[in-house]
Amino acid sequence: AQSVTQPDARVTVSEGASLQLRCKYSYFGTPYLFWYVQYPRQGLQLLLKYYPGDPVVQGVNGFEAEFSKSNSSFHLRKASVHWSDWAVYFCAVSMGHNQGKLIFGQGTKLSIKP
Amino acid sequence: GGIITQTPKFLIGQEGQKLTLKCQQNFNHDTMYWYRQDSGKGLRLIYYSITENDLQKGDLSEGYDASREKKSSFSLTVTSAQKNEMAVFLCASSIGSGGSERLFFGHGTKLSVL
């Protein structure tokens, strides 16, 4: 069965520092992969999505993610974090088009040090 | 743009009580979802529906019923609330049959059971 693991429940980085949030998936085949963000007191919003193709995907607000089939990973990166990036980040996987459900990871809570 | 409206925002129930949560979307999306969000466990899929009167079970469907009588609305019933249960229920929708499209989320219904 497909699954997603985000090994870091909490990450704290300094403002202006680089960021990597880890995501590992389990699926036999090529999945569709997503990163969603939940800002305080707001609904979840899509940051970026991967469809089979270019392994590096650009998202909003300077975020990008890289798909690695050999490592079964889809890590999220940002070169320089801002205090407004303080949020919970969720990785998600689906089996593809018309396959209905999206499976989410446990989430990583990102805190920013001034 | 569209919006997903979840009612009520807060729901306090008694142990054993049947509780109903409602969700409306005006995107004219085909697929709607109910997820449960628990701290440290991410989002878990309860039910989804790919069209009016369709229901598909997710990984957490036991203890819940769902209903999709109209394309724009999707309700979730907790059949017997568990004492000290506390969770946020998120409704979402997507165009098409789901899997490869972005999900749009409501702001959630926060459930507390006394």
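See the structure shown above.
Residues numbered from 1 in each chain as written. Chains lettered and ligands numbered in written order. Predicted model: local features only at pLDDT ≥ 70, side-chain atom pairs only at ≥ 80, totals over all residues. Heavy atoms only, no water.

## Structural notes on the overall build of chain B
The test is simple: Strands are runs of DSSP state E lasting at least 2 residues, helices are runs of H or I lasting at least 4, and numbering of each runs from the N terminus. When accessible area is computed with a 1.4 Å probe and restricted to protein chains, residues below 20% of their type maximum are described as buried, those above 50% as exposed, and intermediate ones as partly exposed.
When you go through chain B residue by residue, the secondary structure sums to zero helices and eleven strands. When the elements of chain B are put in sequence order from the N terminus, they spell out β-β-β-β-β-β-β-β-β-β-β. If one aligns the C-alpha atoms of chain B with their principal axes, the spans along those axes are about 40 × 25 × 25 Å. Taken over 114 residues, chain B has a buried fraction of 51%.

## Brief notes about the interface of chain B and chain A
Short version of the rule: In this analysis, two residues are considered to be in contact whenever any of their non-hydrogen atoms come within 4.5 Å of each other. When two components associate, each loses some accessible surface as probed by a 1.4 Å sphere; the sum of these losses over both components is called the buried area. Within this document, salt bridges are pairs made up of a side-chain nitrogen of Lys or Arg and a carboxyl oxygen of Asp or Glu, the two lying within 4 Å of each other. Pairs of N or O atoms within 3.5 Å make up the polar contacts considered here, provided that, within protein, one atom can donate a hydrogen while the other can accept it, and that residues adjacent in sequence are counted only when both atoms are side-chain atoms. The classification used treats Ala, Val, Leu, Ile, Met, Phe, Trp, Tyr, Cys and Pro as nonpolar, Asp, Glu, Lys and Arg as charged, and all other residues, Gly among them, as polar.
Facing the 21 residues of chain B at the interface are 23 residues of chain A. Note on chain B versus chain A: buried area summed over both sides is about 1700 Å², and carbon and sulfur give 54% of it. Taken together, the connections running from chain B to chain A amount to zero salt bridges. Joining chain B to chain A, the criterion identifies four residue pairs in polar contact (both at pLDDT 80 or more). Of all the secondary-structure elements, those providing two or more residues to the side of chain B that touches chain A are strand S4 (31–38) and strand S5 (42–49) of chain B. With four residues, the top contributor of residues to the side of chain B that touches chain A is S5 of chain B. Split into classes, the residues belonging to the side of chain B that touches chain A amount to eight nonpolar, nine polar and four charged.

## So, the packing of aromatic side chains
To be explicit about the condition: The pairing test for Phe, Tyr and Trp rings, Trp by its six-membered ring, is centres within 6.5 Å, and the orientation test on the planes gives stacked under 30 degrees, edge-to-face over 60, and tilted for anything in between.
A full pass over the atoms with the stated rule returns 16 aromatic pairs over all chains. Ring geometry for Tyr 36 of chain A and Phe 104 of chain A: centres 5.7 Å apart, planes at 55°, overall tilted. Here Phe 104 of chain A lies in strand S11 (residues 103–104) and Tyr 36 of chain A lies in strand S5 (residues 32–38), a separation of 68 residues in the sequence. Grouping residues by exposure puts Tyr 36 of chain A and Phe 104 of chain A together as buried. Ring geometry for Tyr 36 of chain A and Phe 105 of chain B: centres 5.8 Å apart, planes at 80°, overall edge-to-face. Of this pair, Tyr 36 of chain A sits in strand S5 while Phe 105 of chain B sits in strand S10 (residues 104–105), placing the two residues on different chains. Judged on exposure class, the residue Tyr 36 of chain A and its partner Phe 105 of chain B are both buried. Taken together through their ring pairs, the aromatic side chains of Phe 34, Tyr 36, Phe 90 and Phe 104 of chain A together with Tyr 33, Tyr 35, Tyr 48 and Phe 105 of chain B make up a single cluster.

## Side note on the sheet that holds strand S7 (residues 64–70) of chain B
All names here are of chain B. The line we're drawing: DSSP calls a pair of strands paired once it identifies at least 2 bridges connecting them. Comment: axis = line fitted to C-alpha atoms, over the contacting stretch for helices; angle = value between 0 and 180 degrees taken between N-to-C directions.
The four strands lie next to each other as S1-S3-S8-S7, forming an open sheet whose pairing is antiparallel. The open sheet has two edge strands with one neighbour each: strand S1 (4–7) and S7. Put simply, the sheet's adjacent strands are angled 15° from each other on average, direction ignored. Here strand S3 (residues 19–25) pairs with strand S8 (residues 73–78) via four bridges, running antiparallel. Paired with Leu 21 across the strands is Leu 76, a residue of S8.

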